[in-house]
Amino acid sequence: MSRVLNAFSSRVIHASSRSAAWRISARSVATDDRGGGCAALGRRWQDSAETVIIGGGCVGVSVAYHLAKAGQKDVVLLEKSELTAGSTWHAAGLTTYYHPGINLKKIHYYSIKLFEQLEEETGQAVGFHQPGSIRLASSPVRVDELKYQMSRTHWHPTPQFLITPDQIHELFPLLNMNKVLAGLYNPGDGHIDPYSLTMALAAGARLYGAQIYHPAPVTGLTPTADGRWDVQTPHGSIRANRIVNATGFWARELGQMIGFQHPTVPVHHQYVVTATVPEVKALKKELPVIRDLEGSYYLRQERDGLLFGPYETEEKMVLQDSWIRDGVPPGFGKELFESDLDRIMDHVEMAMERVPVLKNADIINIVSGPITYTPDLLPMIGPHQGARNYWTAIGFGYGIIHSGGVGKFLSDWIMSGEPPYDLIECDPNRYGHWTSAHYLCAKARESYGFNNVVGYPKEERFAGRPTNRVSGVYELLKDKCSMGFHSGWEQPHYFCKPGDDTGYKPSFTRTNWFGPVGRECKLVMERVGVIDLSPFGKFTVKGEDSHKLLDGLMANSLPKVGQTNISHMLTPRGRVYAEVTVTQHAPGEFLLITGSGSELHDLRWIERQVSDGGYRVSVFNVTDEMGVLGIAGPNARKVLQKLTDEDMSDAAFRFLQCKSIQLAGSPVRAVRISYTGELGWELYMDMSNMSAVYEALMATGQDEGIDNFGTYAMNSLRLEKGFRAWGAEMNCDTNPLEAGLDYFIKLNKSAEFIGKQALLEIKSQGLKRKLAFLTLHTDDIDPEGNETIWHNDKVVGNTTSGSYSYSTHQSLAFGYLPVDLLNIGQKVEVELLGKKYPATVSQEPLVLTEPTRTRLQKKKRERDDR
Ligand SMILES: Cc1cc2nc3c(=O)[nH]c(=O)nc-3n(C[C@H](O)[C@H](O)[C@H](O)COP(=O)(O)OP(=O)(O)OC[C@H]3O[C@@H](n4cnc5c(N)ncnc54)[C@H](O)[C@@H]3O)c2cc1C
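Residues numbered from 1 in each chain as written. Predicted model: local features only at pLDDT ≥ 70, side-chain atom pairs only at ≥ 80, totals over all residues. Heavy atoms only, no water.

### Describing helix 7 (residues 140-151)
- Compared with an ideal rise of 1.5 Å per residue, which puts 12 residues at 16 Å, helix 7 spans 17 Å between its outermost C-alpha atoms and is within 8% of the ideal.
- Buried positions along helix 7 lie against helix 6 (104-122), strand 4 (133-137), strand 5 (161-163), strand 6 (182-186), strand 33 (788-791) and strand 36 (827-832). (Helix = DSSP H or I, 4+ residues; strand = E, 2+ residues; numbered from the N terminus. Expected span 1.5 Å × (residues − 1). Contact = heavy atoms within 4.5 Å.)

Shown next as structure tokens:
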């Protein structure tokens, strides 16, 4: 131990992350980096390209490899110094199938399958080891977390198993099993040599025709009038149809060349390599990688020694925030930060307790390198809103394992014009101008420190909040509710009353929000509730081509003047790119409303069609200046009527009508629609008028029993009504026909909207799966979405979202099932936290919507009168 502490207390700065011997062997294997060096610059400099990728780390090179392999001509990669001369150089190389996110599992899966065959394909060794990995659970809540993750993984090809302490010990005999309760085992996991991986991808890229130039720093970027780019380097410039920013921790600087402030910041990540450990050397096979969740570190075998990498707490970790202000120091590339072992001593002690042979191990290397963090630790992959043909592949905290899958994802997207599958959590457009440096740093710190915290459903994180994006009623509501974070906004999840158990209490089962949400559902069903909907994305579209533009974008017919409808923007392959509420408030003038998470994602799509089609329209993003209040419930009309001279009666203000009215003296655009399915209006107004309107509603509605409600109640109410949610029931993985959106899709409208031909084809071929509405009887747990659906012990589908239904006292879920299991009454099982609960395919909706109820009542009255 003292030997270890002595070794650990030294402060070391290394120019290389690995022992010289290791590095030499890697380079001697990866021999053909010569082809793209200086010699090539004079010989074959291209002055035009289809795609220019900027940055020669594992990510950029993978994009080049995949594009060239897919057959794209004129793929050029520009690297400012030498390939791998950024984070890639230092990486510990861990690879895993595991990811708690659903779509990112696909990225991991593809990468591993690629790594397995890359050496054979390119002739370059990649040093890929697959001894497996085990995530250790040493507390009951961790066991729940593993079960939760298993229920979200069975429907993926990812090989992953929950194993017992005995099985863990058999796989990793050097482990102290004290307190270990279970493990999550991924047999195909391991580690790869990042340098050799990048060289193999580069060899493949060249093999398929890509040009790789280095040293070739990009010094300037100029957009051209026709949407292309002039990419400047000291060797000359290249005219590119598109550029991909893959510059790792320089991403911010490259973005700044064209006016973006990408929210990326380097953090210091340290790992320690030991000399040979006799007990490790004596083993007959390589140890699996261990991830000790309580100790927050990973540990793997490195030759006959061990490699140990901890994640410090948010207080202790170090952020290189000066680079946000000053940029990366010139000349910094493969260099390291100063290591500081005091910061990781807590983790060292836990690791020595868990793997006792560490106590006698000698340290031969300490690495402290820059990892690029975004606020949520997810990369930014795809085309960026606000600049034509500018793509990003930046912000990689785990770029080695992501490199393969991301290269393929982007290449497929570039080649086909749409993402191959949904990866909305990595959309670069999830951030906007609200992502300040302060927010970025607070969040990156939290994300690093929380690397191994328990991942609960409905998880809330609080660093960096609130941002400068504040709703007009935030100050009035903030002390009354539990807020959720939505694209920079604070939005009430549920409201608390005296006697409630308040605060954020995460749990895998129902927790303190359950009672209050039930109260709010009852409020909306029986009286009247108000909800802050300001986080919606809001755009205005007007101009002589507005009809033409929107008719080609939306699969629904356009609403008449004074009307609103729900429309979907589809991809060319007929998948659901977005769901938008469209209102034509004046001839040729439209208001488009989308969810908070899809604001810039949708705007980019619209702007792209505008520029491609040369439409004469003006599109404005009015998200920040327009506030929205929703009012819903049987008394909603009565309350509004007291505050306006406008006739709010059913006959005068029909469902899906839109009118400009004066409400409590403020101009408001009122749309009769509510996602709760109850009688309701969405009230759009200037943000500065919101608090006055809100206070007037609350004061005036006292006799009607008015109160607040939040998004949790809205989710339960919309599920009871069978309303789909974008991002859950529909996304780029689903077409609107299987999502049961037929009503909104007008295949017979004359406009040739995007996706129409594909949908006609899908329709003619018939569907293989469809969205089912499931009712379940559980104990104290409800589906959240992404759980496995079983039938006869076989995986048959997955849920997409779920909730408790307070009106019918059971759990609800939407889920995709094969068409032969869709009959009403069909029994299946939904796995929640390791237990399979019986579920029944049920008729939707469970509760009729108010317009339908009103219509049926009217018909009944007419029948009775006759
Ligand atoms: C200590 C440490 C351990 C890690 N361990 C793991 C791990 O176990 N598993 C894992 O998956 N990930 C790991 N990572 C993270 C991983 O290394 C990175 O996510 C990944 O390497 C990022 O690759 P990249 O291609 O995006 O960026 P980089 O590797 O940083 O490459 C960016 C490249 O862009 C070039 N460039 C910059 N500006 C310009 C310009 N203007 N013109 C031309 N070229 C330019 C740079 O020279 C550089 O070569 C680790 C990182 C560190 C530091």
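What follows continues from the structure just given.
### Some thoughts on the state of the cysteines
- Taken as a whole, this structure holds 0 disulfides when the rule is applied.
- Of the cysteine sulfurs around Cys-496, a residue in no disulfide, the closest is that of Cys-481, at 7.4 Å. (Disulfide = S-S within 2.5 Å.)

### Things to note about the domain arrangement of the protein
- Looking at the assigned domains, one finds that the protein contains domain 1 (33-89 + 194-262 + 377-430), domain 2 (537-621), domain 3 (627-708) and domain 4 (768-866).
- Between the C-alpha centres of domain 2 and domain 4 there is a distance of 31 Å. (Domains from an automatic or database assignment.)

### Remarks on the site of the ligand
- The environment of the ligand is formed by 39 residues, the closest being Glu-79, Thr-88, Leu-94, Phe-396 and Gly-399.
- For the ligand, an oxygen atom lies 2.6 Å from a polar atom in the side chain of Glu-79.
- Measuring from a nitrogen atom of the ligand, one finds a backbone N or O atom of Lys-80 at 3.0 Å.
- Notes on the ligand: free accessible area 1,000 Å², of which the protein chains cover 97%.
- Sorting the residues of the shell around the ligand by element identifies helix 4 (58-69), helix 5 (87-90), strand 12 (265-274), strand 16 (363-373) and helix 14 (399-416) as the ones contributing at least two each.
- Here the shell around the ligand gets 4 residues from one element, more than from any other, and that element is strand 16.
- When its residues are assigned to classes, the shell around the ligand shows 22 nonpolar, 15 polar and 2 charged. (Near = heavy atom within 4 Å. Polar contact = N/O pair within 3.5 Å; in protein donor to acceptor, adjacent residues only side chain to side chain. Areas by Shrake-Rupley, 256 points an atom, 1.4 Å probe, with all protein chains shown as cover. Nonpolar A, V, L, I, M, F, W, Y, C, P; charged D, E, K, R; others polar.)

### Some details on the sheet that holds strand 22 (residues 537-542)
- Taken in spatial order, the 5 strands of this open sheet run 23-24-25-22-26, and their pairing is antiparallel. The sheet is open, and its two edges are formed by strand 23 (563-570) and strand 26 (618-621), each paired on a single side. Looking at each pair of strands side by side, their axes are set apart by 25° on average, direction ignored.
- Of the strand pairs in this sheet, strand 22 and strand 26 are connected by 4 bridges, and their pairing is antiparallel. When the bridges of strand 26 are listed, Thr-540 appears paired with Phe-620. (Pairing = 2+ DSSP bridges. Axes fitted to C-alpha atoms, helices over the stretch in contact; angles between N-to-C directions.)

### Here's the deal with unusual backbone geometry
- A cis geometry characterises the amide bond from Arg-465 onward to Pro-466, with omega recorded as -5°.
- Tracing the backbone shows Pro-466 in the loop between helix 15 (437-449) and helix 16 (474-477).
- The amide bond that connects Glu-844 to the next residue, Pro-845, takes the cis arrangement and shows omega of -5°.
- The topology assignment puts Pro-845 in the loop between strand 37 (835-841) and helix 24 (850-865).
- The phi dihedral of Arg-303 falls on the positive side, at around 50°, and the residue is not glycine.
- Inspection of the secondary structure puts Arg-303 in the loop between strand 14 (297-302) and strand 15 (305-310).
- By relative accessible area, Arg-303 is classed as partly exposed at 46%. (Buried < 20%, exposed > 50% of the residue type's maximum accessible area, 1.4 Å probe, protein only.)

### Observations regarding the nonpolar core
- The biggest cluster of nonpolar side chains holds 50 residues, and the ones touching the most others in it are Ile-53, Leu-118, Ile-381, Phe-409, Leu-410 and Leu-423.
- Broken down by element, the residue count for this core peaks at 8 residues, all from helix 4.
- If near-sequence neighbours (up to four positions away) are discounted, Leu-410 is found in contact with Val-63, Ile-381, Gly-382, Trp-391, Thr-392 and Ala-393.
- Core analysis: the second largest hydrophobic core is formed by 33 residues, Phe-495, Phe-653, Ala-670 and Tyr-694 among them. (Core = buried A, V, L, I, M, F, W, Y, C linked by side-chain atoms within 4.5 Å.)

### Looking at the pattern of salt bridges
- On inspection of all chains with the given rule, the structure shows 50 salt bridges.
- The salt bridge involving Asp-326 is made with Arg-325; its shortest N-O contact spans 3.3 Å. Grouping residues by exposure puts Asp-326 and Arg-325 together as exposed.
- The salt bridge involving Glu-544 is made with Arg-616; its shortest N-O contact spans 3.5 Å. (Salt bridge = Lys/Arg side-chain N within 4 Å of Asp/Glu carboxyl O.)

### A word on the packing of helix 4 against helix 14
- Where helix 4 contacts helix 14, the axes come no closer than 8 Å and their chain directions differ by 40°. When the axis of helix 4 is compared with that of helix 14, the two are oblique. Crossing geometry of helix 4 relative to helix 14 is assigned as right-handed. Across from Cys-58, Val-59, Ser-62, Val-63, His-66 and Leu-67 in helix 4, the residues of helix 14 making contact are Gly-399, Ile-400, Ser-403, Gly-404, Val-406, Gly-407, Lys-408, Leu-410, Ser-411, Ile-414 and Met-415.
- Taken together, the residues that form the contact of helix 4 with helix 14 break down as 9 nonpolar, 7 polar and 1 charged. (Parallel < 35°, antiparallel > 145°, perpendicular 65-115°, else oblique. Left-handed = near helix turned anticlockwise from the far one by under 90°.)

### Focus: the packing of aromatic side chains
- A complete count under the given rule lists 38 aromatic pairs for this structure.
- Relative to Phe-128, the ring of Phe-115 lies with its centre 5.7 Å away and its plane at 90°, an arrangement referred to as edge-to-face. Residue Phe-115 is located in helix 6, and its partner Phe-128 is located in the loop between helix 6 and strand 4; the two are separated by 13 residues in the primary sequence.
- Where Phe-260 meets Tyr-390, the ring centres are 5.5 Å apart and the plane angle is 10°; that geometry is what we call stacked. On the criterion of sequence distance, the pair formed by Phe-260 in the loop between helix 10 (251-256) and strand 12 and Tyr-390 in strand 18 (residues 390-394) is long-range, its members being 130 residues apart.
- A relative accessible area of 1% means that Tyr-390 is categorised as buried.
- Its end group placed over the ring of Trp-89, Lys-334 keeps NZ or CZ at 4.2 Å from the ring centre.
- When the ring centre of Tyr-743 is taken as reference, the NZ or CZ atom of Lys-746 above it lies at 5.5 Å. (Phe/Tyr/Trp six-rings, centres within 6.5 Å; stacked < 30°, edge-to-face > 60°. Lys NZ or Arg CZ within 6 Å of the ring centre and 35° of its normal.)

### A look at the side chain of Thr-840
- Tracing the backbone through its elements, the reader meets Thr-840 in strand 37.
- Taking relative accessible area as the criterion, Thr-840 reaches 19% and is therefore assigned buried.
- For Thr-840, the side chain forms a polar contact with the side chain of Lys-827, separated by 3.2 Å.
- With sequence-adjacent residues up to four places away left out, Thr-840 is seen in contact with Phe-773, Leu-774, Thr-775, Gly-825, Gln-826 and Lys-827.

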